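So the chains spell out like this:
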Amino acid sequence: MRPAIEPGDWLLLDPTTHRWPRRGAVVVIREPDSDVLAIKRVAAGPGERVALDEGHLVLGPDEAWLLSDAADAELIAAGLGRPVDSRRYGPVPLDCLVGRAWFRYAPLHRIGRIRPGR
Amino acid sequence: MFRFSDILAPKTTVRAHCDLPCGVYDPEQARIEAESCYKIIEKMGQNSDPTFTARAIDIKEERADLAKHHLDVLWHDYFKPEHLEKVPNLHELFWNAAKQVSKVKASTDLADAKKLLDLIDEVDAAWRATGGAEKTRVARQTA
């Protein structure tokens, strides 16, 4: 999730969120396939259209499309593979949402609100 | 010694979660599992013992799941958008193969299992056409 979130960042979550935050927000979810706690960005919310290679899909009323910020080139340079996100496991239901990451309280030089991104 | 940061430190770790791929891909993995399904269906036709049938169905479903997993790994991790130039029907091929695995999982018709093998052979041809055999496998010891 670089550069928005760096490894070792200490984050505050809003766990009271009962619906998907707006596009660009950073959220923590339990991945649908694995139950892994993962941090991703909301790329599209309920009812929105997601463009695919061929065609598009319309998200359900409780679904979001979550993506990683990482660019493929950076991941390859770091020896990693493709991000595991909605391109792998599809739309994410609201049940999987743990909370919205809204504030970084460490390290000291990076303290501040987590701004919505692209 | 007490440290204030111990109180503030997060208690939970979350991951950005990316694959750490080994870079080895081969449709042969999916084919072996699909061949297991084929052989199991064949044996089921030759044996009416209910215990054998129950066990065979259980193993066939397990092997079909493995075949689907190996196909998914190829589709998601090996094939890249640029491969569509050489294999324009790539997505349709994987869609059909994945659907056929589901069919084999629930079927006892040998023709269904054969069709799955044929589709995996088409995936194999696509893998070879995009240089998979040279790029992703480690060379064997030569005699």
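Summary of the structure given here. Here the structure is a predicted model, which means the values were calculated and not measured. (Residues numbered from 1 in each chain as written. Chains lettered and ligands numbered in written order. Predicted model: local features only at pLDDT ≥ 70, side-chain atom pairs only at ≥ 80, totals over all residues. Heavy atoms only, no water.)

Secondary structure assignment for chain B yields 6 helices and 0 strands. Along chain B, from the amino end to the carboxyl end, the secondary structure elements read α-α-α-α-α-α. In chain B, which comprises 143 residues, the proportion classed as buried is 33%. The contacts of chain B with a sequence gap of at least 6 include a subset with a gap of at least 24, amounting to 70%. On chain B, roughly 9100 Å² of surface is accessible, and the fraction owed to carbon and sulfur atoms is 54%. (Helix = DSSP H or I, 4+ residues; strand = E, 2+ residues; numbered from the N terminus. Buried < 20%, exposed > 50% of the residue type's maximum accessible area, 1.4 Å probe, protein only. Contact = heavy atoms within 4.5 Å. Areas by Shrake-Rupley, 256 points an atom, 1.4 Å probe, with all protein chains shown as cover.)

By a widely used convention, the size of an interface equals the accessible area lost when the partners come together. In this assembly, 20 residues from chain B lie in contact with 20 residues from chain A. Inspection of the region where chain B meets chain A yields 1 salt bridge. In this structure, Asp77 of chain B engages Arg88 of chain A in a salt bridge whose closest nitrogen and oxygen atoms are separated by 3.2 Å. Counting the contacts that link chain B with chain A gives 4 residue pairs in polar contact (both at pLDDT 80 or more). Residue assignment for the side of chain B that touches chain A shows that the elements contributing at least two residues are helix H1 (4-8) and helix H3 (50-78) of chain B. Per-class residue counts for the side of chain B that touches chain A are 10 nonpolar, 6 polar and 4 charged. (Salt bridge = Lys/Arg side-chain N within 4 Å of Asp/Glu carboxyl O. Polar contact = N/O pair within 3.5 Å; in protein donor to acceptor, adjacent residues only side chain to side chain. Nonpolar A, V, L, I, M, F, W, Y, C, P; charged D, E, K, R; others polar.)

A word on unusual backbone geometry. Omega for the peptide link from Ala106 of chain A to Pro107 of chain A comes to 0°, which places this bond in the cis form. Mapping Pro107 of chain A onto the fold places it in the loop between strand E8 (97-106) and strand E9 (112-113).

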